[in-house]
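Each chain, letter by letter, is given below.
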Amino acid sequence: MNAVIQLKRDLISVLDMKDYLEKILGKALKAKTDPPKGRRPEPLKRKVLAMVFEKPSLRTRVSFEIAVTQLGGTAIYISPNEIKIGERESVADVARVLSGYSDGIMYRAFSNEVMRELAEHATVPVINGLDDKEHPCQCAGDLLTILEKKKTLKGLQLAYVGDGNNVCNSLLLGCAISGMNMRAATPKTHAPDAGILEKAQAVAEEKECVVEVTSNPFEAVENADIVYTDTWVSMGQEEEKEEREALFLPYQVNAKLVEKANKEWIFMHCLPAHRGYEVSEEVMDGPHSVVFDQAVNRMHAQKAILAEIL
Ligand code: CP
Ligand code: NVA
């Protein structure tokens with residue numbers, strides 16, 4: 001008899017979802033708008049997700065915990081002070097131990113290298129809950145929100161304004177995979193990751209869309225259907241706060257900046273947001289803002305991801 005070797009499927013980069021992103025977005029939207037009648041299906045019954053956090057979290061922690069619970073499984077939260085990964089014991093040993101207890105590991109890390117090291121040594125799927133390079137689950141929730149609001153992804157124009165960080169990197173890949181055009185406006189010194197941009201542009205060519213980077217925020221926002229920003233000071237960069245706030249000031253998303261966006265533009269932010277810094281209060285709390293739908297959609301997108309890979 002031929003043994004079938006089932007490879008575990010990690011989700012470290014948005015690129016790992018390339019072949020099933022469209023499918024999970026469709027499933028998530030259907031489950032949200034047309035929930036199953038009667039008993040809820042429980043694809044995660046008796047399964048356990050270990051959630052390891054090196055940094056704080058509201059949305060990622062709570063949305064994953066509720067997603068797993070509603071799918072019939074159990075999520076275990078491991079706080080930044082508990083494991084001290086790579087300090088109290090090696091990354092590889094943590095991966096081996098958690099693989100023996102759980103059916104999957106969700107990990108919020110400082111470093112993408114450590115994320116990949118954990119995945120290499122784990123025998124269960126590892127899901128990236130944010131690292132310094134990417135935030136793939138955020139991207140899935142974001143695309144779900146755009147699909148929900150605009151009924152399509154292909155051909156739309158997304159403007160990302162601000163820091164070329166983890167959220168921006170994941171959006172470059174997510175837009176390219178979905179056939180969406182994206183223009184990221186960042187200071188030249190804080191552009192998105194060059195390797196990720198190159199990969200996103202290769203996918204964009206295949207999907208007949210354009211992902212590009214500029215340093216002019218007004219140029220990025222012109223004719224945009226979606227205007228997206230994120231904090232100027234990501235977790236771990238607190239020491240650079242003053243310097244960053246001065247540098248990013250011209251990149252604030254405010255009423256003036258969005259004047260040339262498309263009429264029905266939506267404003268997106270992964271949260272937490274800082275009113276008066278990366279976004280003005282009038283935009284953040286104005287009629288175009290969909291930021292709280294976006295937060296809710298993290299949970300719906302993650303349910304589809306968990307059912308797909310765990
Ligand atoms: N957007 C997001 O990941 O939020 P948290 O840091 O609160 O999880
Ligand atoms: N870029 C931000 C995202 C927070 C969800 C950070 O890394 O802190």
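Rules behind the numbers
- Residues numbered from 1 in each chain as written.
- Chains lettered and ligands numbered in written order.
- Predicted model: local features only at pLDDT ≥ 70, side-chain atom pairs only at ≥ 80, totals over all residues.
- Heavy atoms only, no water.
- Buried < 20%, exposed > 50% of the residue type's maximum accessible area, 1.4 Å probe, protein only.
- Helix = DSSP H or I, 4+ residues; strand = E, 2+ residues; numbered from the N terminus.
- Pairing = 2+ DSSP bridges.
- Right-handed = clockwise from strand over helix to strand, strands pointing away.
- Near = heavy atom within 4 Å.
- Polar contact = N/O pair within 3.5 Å; in protein donor to acceptor, adjacent residues only side chain to side chain.
- Nonpolar A, V, L, I, M, F, W, Y, C, P; charged D, E, K, R; others polar.
- Axes fitted to C-alpha atoms, helices over the stretch in contact; angles between N-to-C directions.
- Contact = heavy atoms within 4.5 Å.

Observations concerning the pairing of strand S5 (residues 157-161)
The side chains of a regular strand alternate between both faces of the sheet. In terms of burial, S5 is a largely internal element, five of the five residues being buried. The alternating pattern of S5 places Gln 157, Ala 159 and Val 161 on one face and Leu 158 and Tyr 160 on the opposite face, and all of these are buried. Bridge count for S5 against strand S6 (residues 181-185) is five bridges, and the pairing is parallel. What sits directly across from Tyr 160, in S6, is Ala 184. The handedness of the S5 to S6 crossover, carried by helix H6 (residues 166-178), is right-handed.

Here's the deal with the site of ligand 1
For ligand 1, the full set of nearby residues is Ser 57, Leu 58, Arg 59, Thr 60, Arg 108, His 135, Gln 138, Cys 270, Leu 271 and Arg 298. Between ligand 1 and Ser 57 there is a distance of 2.7 Å, counted from an oxygen atom to a side-chain nitrogen or oxygen. Measuring from an oxygen atom of ligand 1, one finds a side-chain N or O atom of Arg 108 at 2.8 Å. Class assignment of the residues belonging to the shell around ligand 1 gives a composition of three nonpolar, four polar and three charged.

Section: the sheet that holds strand S4 (residues 126-128)
If you trace the four strands from one edge of the open sheet to the other, you get S2-S1-S3-S4, paired in parallel fashion. Edge positions in the sheet fall to strand S2 (74-78) and S4, since each of these pairs with one other strand and no more. Sheet twist, expressed as the average angle between the axes of neighbouring strands with direction ignored, equals 20°. The sheet contact formed by strand S1 (residues 48-53) and strand S3 (residues 104-108) spans five bridges and is parallel. Bridge assignment links Leu 49 to a residue of S3, and that residue is Gly 104.

Focus on the sheet that holds strand S7 (residues 211-214)
Strand order across the open sheet formed by five strands is S7-S6-S5-S8-S9, with parallel pairing between neighbours. The two strands at the open ends of the sheet, each matched to only one other strand, are S7 and strand S9 (266-269). Averaged over all adjacent pairs, the angle separating strand axes in this sheet is 20°, with direction ignored. With three bridges joining them, S5 and strand S8 (residues 226-229) adopt parallel strand pairing. Within S8, the residue paired with Leu 158 across the bridge is Ile 226. Sheet contacts for helix H11 (residues 291-309): S8 and S9; angle to S9, the most-contacted strand, approximately 50°.

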